[in-house]
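# Architecture at a glance
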Amino acid sequence: MNITILGIESSCDDTAAAIVRDGYILSSVIADQEVHKKYGGVVPELASRAHQKNIVPVVDVAVRQARIRENDISAIAFTRGPGLLGSLLVGTSFAKGFALARKIPLIEVNHLQAHILVLFLKEKDQKLNKNVKVPGFPFLCLLVSGGHTQLIIVRDYLEMEVIGQTIDDAAGEAFDKCAKVMGLPYPGGPAVDKLSLSGNPEAFVFTKPKAKRFNLSFSGLKTNFLYFLRDRLKEDKDFIKKYKADLCASLQHTIVDILLEKCILVSEETGINNIALAGGVSANSGLRKAFHQEADKRNWSLFIPEVRYTTDNAAMIAITGYYKYLKKDFAGQDIVPLARMKP
Ligand code: KG4
Ligand code: ZN
């Protein structure tokens, strides 16, 4: 018997649905929400309204693209948290109704665990390729997203321990907030990444805030970046326009350095050489390149999700649902979403 999981993601501003069968991806559909662009950030109330509008069509497309019938679905998995409560409620209510109507199990998924477990998602044509690289346990995962920056030891599919994290801003926030100061559109991370390609990463030097042991800090960098620009703009009102690419490249270089240095420390102290990246910021080309180079030097086995599975998606929810299904870890109809959750 096949195990076919429908995954639903609605924790922030993407409404997503995906179908995973026996660990293989069959479809992954994402509706992003343009409505937030003009506000320079996600407006929670508008996000929940857009989720309500998008969720049924998105699920419909996911089922059709997977070429399955709704009757083939073994269970529905949804993001319980962390995220925006109003947004989470839409996905949670949809999943509860779907499970009840179809008399199938309901599976709650932790969004942070899901970002990591997407590393185990298999593609159909990989069936022929026996050398698919998935991390062995335990591995060290740097989870870098818009809301979280954590160092996690992953001991098993659903057994994770946070050993360090940011004490203030997340790495994605550092990208987004600095990008906003430069007048780049939200979310700023991808825009900074793109501009960095034509900039000099050593043009400007920004502060690398210190944090104890395995923790990280980014808020000082944001302030340093802001004050630096304020001072330069006093001398030259076109400073940002003239040096945008160099500013982006130098900022990205600083963020990547902070993350890489901490991972090196944790790897040395824990003796773990299986290293993984996950979360939206792991789409960053500079971060991917720097980790690949370091992995070669240090003999790390490095695992990074395909770019399309780094930012929020439902494939990660469905694959996590699959591992929970195998353990018969099901939720009841009384389950409620949680804005805050640990991996
Ligand atoms: O994981 P994610 O999609 O959502 C959360 O769970 O937060 O991460 C979104 C974050 C945003 O801060 C966005 O700017 C950042 O990931 N991001 C990037 C890139 N693509 C997305 N940051 C740097 N470079 C990128 N290419
Ligand atoms: Zn996310």
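Everything that follows concerns the structure shown earlier in this document.
This section reports on the structure supplied with the text. Since we're looking at a predicted model, the values are computed, not measured.

## Looking at the site of ligand 1
Close to ligand 1 lie 18 residues, the nearest being G146, D176, D193, N284 and D312. One of the side-chain N or O atoms of H115 is found 3.0 Å from an oxygen atom in ligand 1. G280 places a polar main-chain atom, nitrogen or oxygen, 3.0 Å from an oxygen atom of ligand 1. Across the complex, the protein chains shield 88% of the 560 Å² of accessible surface that ligand 1 would expose by itself. Sorting the residues of the shell around ligand 1 by element identifies α3 (111-117), α4 (171-181) and α5 (188-196) as the ones contributing at least two each. Residue composition of the shell around ligand 1, by class: five nonpolar, ten polar and three charged. In terms of domain composition, the shell around ligand 1 takes at least three residues from each of domain 1 (4-131 + 309-326) and domain 2 (139-308).

## Brief notes about the packing of aromatic side chains
Applying the stated criterion across every chain yields a total of 19 aromatic pairs. When the centroid spacing of 6.0 Å and the interplanar angle of 25 degrees are considered together, the rings of F137 and F139 count as stacked. The class of F139 is buried, set by a relative accessible area of 0%. Through pairs of rings, three or more aromatic residues link up here, namely F120, F137, F139, Y157, Y322 and Y323. The cationic tip of R213 hangs over the ring face of F214; the distance from NZ or CZ to the ring centre is 4.3 Å. The ring of Y227 has R230 lying over it, and the distance from NZ or CZ to the ring centre is 4.5 Å.

## Points about the sheet that holds strand β2 (residues 14-21)
Spatially, β3-β2-β1-β4-β5 is the arrangement adopted by the five strands of the open sheet, whose pairing is mixed. The sheet is open, and its two edges are formed by β3 (24-32) and β5 (106-110), each paired on a single side. Within the sheet, the average angular offset between the axes of one strand and its neighbour, ignoring direction, is 20 degrees. Two elements, strand β4 (residues 75-81) and β5, share five bridges in a ladder whose sense is parallel.

## Focus: the pattern of salt bridges
In total, this model carries 22 salt bridges according to the counting rule given. Between D72 and R69 there is a salt bridge, with its nearest N and O atoms 3.0 Å apart. For R69, a relative accessible area of 56% puts it in the exposed group. Between D169 and K177 there is a salt bridge whose closest N-O contact spans 3.6 Å. Judged by its relative accessible area of 8%, D169 is buried. Given the relative accessible area of 33%, K177 is considered partly exposed. Connected through shared salt-bridge partners, D169, E173, K177 and K222 make up one network.

Reading the values: the criteria
Residue indices follow the written sequence of each chain, beginning from 1 at its first position. Lettering for chains starts from A, numbering for ligands starts from 1, and both go in the order in which the items are written. Where local features are concerned, this predicted model is filtered to residues with pLDDT of at least 70; where side-chain atom pairs are given and counted, the filter is 80 or more; whole-chain, interface and lining totals use all residues. Hydrogens are left out, water is left out, and the side-chain values use all remaining heavy atoms of the structure. Here a residue counts as near a molecule or strand whenever at least one of its heavy atoms sits within 4 Å of it. Two N or O atoms form a polar contact when they lie within 3.5 Å of each other; inside protein one atom must be a possible hydrogen donor and the other a possible acceptor, and for residues adjacent in sequence the pair counts only when both atoms belong to side chains. To be clear on the numbers: accessible area is Shrake-Rupley with a 1.4 Å probe, and residue cover counts the displayed protein chains and nothing else. Runs of E in the DSSP output that reach at least two residues are strands. Runs of H or I that reach at least four are helices, and both are numbered from the N terminus. Note that Gly is not counted as nonpolar here; it falls among the polar residues with everything else outside the nonpolar set of Ala, Val, Leu, Ile, Met, Phe, Trp, Tyr, Cys and Pro and the charged set of Asp, Glu, Lys and Arg. Domain ranges listed in this record stem from an automatic or a database domain assignment. Paired rings are identified among Phe, Tyr and Trp, the last through its six-membered ring, by centres lying within 6.5 Å, and are further divided according to the angle between planes into stacked (under 30 degrees), edge-to-face (over 60) and tilted (the rest). Three exposure classes are used, based on accessible area relative to the maximum for each residue type with a 1.4 Å probe and protein chains only: buried under 20%, partly exposed in between, and exposed over 50%. Here, over-ring charges are defined by two tests on the NZ atom of lysine or the CZ atom of arginine: distance to the ring centre within 6 Å, and angle to the ring normal within 35 degrees. Criterion used throughout: strands pair if DSSP finds at least two bridges between them. Every angle, taken between N-to-C directions, lies between 0 and 180 degrees, and every axis is a line fitted to C-alpha atoms, over only the stretch in contact when it is a helix. Whenever Lys or Arg places a side-chain nitrogen within 4 Å of a carboxyl oxygen from Asp or Glu, that contact is recorded as a salt bridge.

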